Amino acid sequence: MSSEFRSIFADDFKELLAVKRALGFKYLSEEGAFLRIDAFLASHSVDTKEISRELCEEWCRKRSYESPSNHGSRVSQMRVFCRYLNDVGIKAYIPPPRMTRKPPKYDAHIYTPDELRRFFEAVDKSRSVPSECPYRRMVMPIFFRILYTSGMRVSELRLARVRDVDLERCCIYVRGGKNRKDRIVPIHPELAERCRGLKAEIHKDSSADEYFFMQYPGRAMTLGNIYKNFRKYLIKAGITHTGHGPRVHDFRHTYCTNLLLKWSREGKDLMACLPYMRTMLGHEGFDETAYYLKLTADAFPFIRDSLKKTFPSIINEVTINEREYY
């Protein structure tokens, strides 16, 4: 797929993306979706700046092989674009909410110790492909271990630059993360040591602005690249994928749940510890962090009573919109 917009709406797509960046949205997953909508409009030879109901409904029609989640995402991105067109005075039919079915709620997968062991054994057998992924063998084992042991979001880690990885202080600087927040995330000294080896091997001539976990010089690993490798590791580890999960993002859930479990077993005051977790994860509000209290109680029923003593209402009532945590 071309990386350039080529329909009559090309400038409008670019301007909408620029608006979202100006509002602080750093990771624009919409760009790929907008490219696909743009290609659809170009293929239908739309030569007037107007999106009719018929054209919109053709784009939004569910495909036989498509999951409710993917269908909903496609319709949502068209709705975002059409609303923007309306706002700037261009006539466009806005898809109504009833066009899609709500996908079934996804329950976060908390990896067991045995699953983690098997997964990392599979990751450690990674092989590089000189023409496409020359550094995969070296990058993936470190990348996934930091992802699990730090609770970082996938894009925060994949877009980290050489200058952001402080191997003397054993930490990674997240600059302009979600909610436009900067923060410092500590990493385990053993992983910092492995990062030193990686840096010496693939960043001998790199500038401070190069991606630390690069796919190849000048190019960060894409979300698609990470996910495809993740699925291969799951298969090799014998971990069943249901079509809904496990997901890469579940490493973050597992990190948080295991950290709360550790604190609970140590008898620590969770009310005092949660602000630390909130800062570590880059959360905006307490509700985001409180979600992990419920996950911990659900995954480990034997500590439900101790959690309830400190957070009697949260354990039963907190809910989460999964789409807010990517």
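What this report covers is the structure whose coordinates are included nearby. This one's a predicted model, so the numbers in the text were calculated from it and none came from an experiment.

### So, the packing of helix α6 (residues 136-150) against helix α8 (residues 189-202)
Argument step 1. One way to put it is that α6 packs onto α8 with a least axis distance of 10 Å and a crossing angle of 150°. Between α6 and α8, the crossing angle belongs to the class labelled roughly antiparallel. In this structure, α6 meets α8 at a crossing whose hand is left-handed. Side by side, α6 and α8 meet where R137, M138, V139, P141, I142, R145, I146 and T149 of the first sit next to L191, R194, C195, L198, E201 and I202 of the second.
Argument step 2. A class-by-class count of the residues in the contact of α6 with α8 yields nine nonpolar, one polar and four charged.

### Focus: a positive patch on the surface
Argument step 1. A contiguous patch of positive charge, built from K125, R127, K228, K232 and K236, is present on the exposed surface.
Argument step 2. Among the secondary structure elements, K236 is positioned in helix α9 (residues 223-237).
Argument step 3. Overall, the relative accessible area of 60% leaves K236 in the exposed class.

### Details of the packing of helix α5 (residues 113-123) against α9
When two helices pack together, their arrangement is given by the angle between the helix axes and the distance between those axes.
Argument step 1. Where α5 contacts α9, the two axes come as close as 8 Å, and the packing angle between them is 115°. The two elements α5 and α9 cross, and the hand of that crossing is right-handed. Mapping the contact onto sequence places R118, F119, A122 and V123 in α5 and F230, Y233, L234, K236 and A237 in α9.
Argument step 2. Within the contact of α5 with α9, the residues separate by chemical class into seven nonpolar, no polar and two charged.

### So, the packing of aromatic side chains
Argument step 1. Here the structure, examined in full by the defined rule, presents 24 aromatic pairs.
Argument step 2. Considering the side-chain rings of F143 and F144, the 5.7 Å spacing of their centres and the 85° angle between planes classify their relative orientation as edge-to-face.
Argument step 3. What links up through ring pairs into an aromatic cluster is the set Y111, F119, F120, F143, F144, Y148, F212, F213, Y227, F230, Y233 and F251.
Argument step 4. When the ring centre of W59 is taken as reference, the NZ or CZ atom of R63 above it lies at 5.7 Å.

### Some details on the state of the cysteines
Argument step 1. Across all of its chains, the model carries zero disulfides by this definition.
Argument step 2. Residue C82 stays outside any disulfide, its sulfur separated by 4.7 Å from that of C56, the closest cysteine.
Argument step 3. The exposure class of C82 is buried, given its relative accessible area of 0%.
Argument step 4. A disulfide-free cysteine, C195 has its sulfur positioned 9.3 Å from the sulfur of C170, the nearest such atom.
Argument step 5. The class for C195 is buried, based on a relative accessible area of 0%.

### Some points on the pattern of salt bridges
Argument step 1. Using the criterion set out here, one finds 18 salt bridges in the structure.
Argument step 2. In this structure, R117 engages D114 in a salt bridge whose closest nitrogen and oxygen atoms are separated by 2.6 Å. Here R117 pairs with D114, and both are found in helix α5, just three residues apart, close to one helical turn.
Argument step 3. In this structure D114 comes out as partly exposed when scored by relative accessible area, which is 35%.
Argument step 4. R247 is the partner of D250 in a salt bridge, and the nearest nitrogen-oxygen pair spans 3.0 Å.
Argument step 5. Residue D250 is classed as buried on the basis of its relative accessible area, which comes to 0%.

### Looking at the sheet that holds strand β3 (residues 183-186)
Argument step 1. With respect to topology, three strands assemble into an open sheet ordered β1-β2-β3, the strand pairing being antiparallel. Each of the sheet's edge strands pairs with one partner strand only, and the pair in question is β1 (165-166) and β3.
Argument step 2. Sheet topology places strand β2 (residues 171-174) next to β3; four bridges connect them, and they run antiparallel. Within β3, the position partnered with Y173 by the bridge is I184.

Basis of the calculations
Residues numbered from 1 in each chain as written. Predicted model: local features only at pLDDT ≥ 70, side-chain atom pairs only at ≥ 80, totals over all residues. Heavy atoms only, no water. Axes fitted to C-alpha atoms, helices over the stretch in contact; angles between N-to-C directions. Helix = DSSP H or I, 4+ residues; strand = E, 2+ residues; numbered from the N terminus. Parallel < 35°, antiparallel > 145°, perpendicular 65-115°, else oblique. Left-handed = near helix turned anticlockwise from the far one by under 90°. Contact = heavy atoms within 4.5 Å. Nonpolar A, V, L, I, M, F, W, Y, C, P; charged D, E, K, R; others polar. Patch = residues over 30% accessible without salt bridge, like charges linked within 9 Å, V, L, I, M, F, W, Y side chains within 5 Å. Areas by Shrake-Rupley, 256 points an atom, 1.4 Å probe, with all protein chains shown as cover. Salt bridge = Lys/Arg side-chain N within 4 Å of Asp/Glu carboxyl O. Lys, Arg positive; Asp, Glu negative; His and termini not counted. Charge placed at Lys NZ, Arg CZ, Asp CG, Glu CD. Buried < 20%, exposed > 50% of the residue type's maximum accessible area, 1.4 Å probe, protein only. Phe/Tyr/Trp six-rings, centres within 6.5 Å; stacked < 30°, edge-to-face > 60°. Lys NZ or Arg CZ within 6 Å of the ring centre and 35° of its normal. Disulfide = S-S within 2.5 Å. Pairing = 2+ DSSP bridges.

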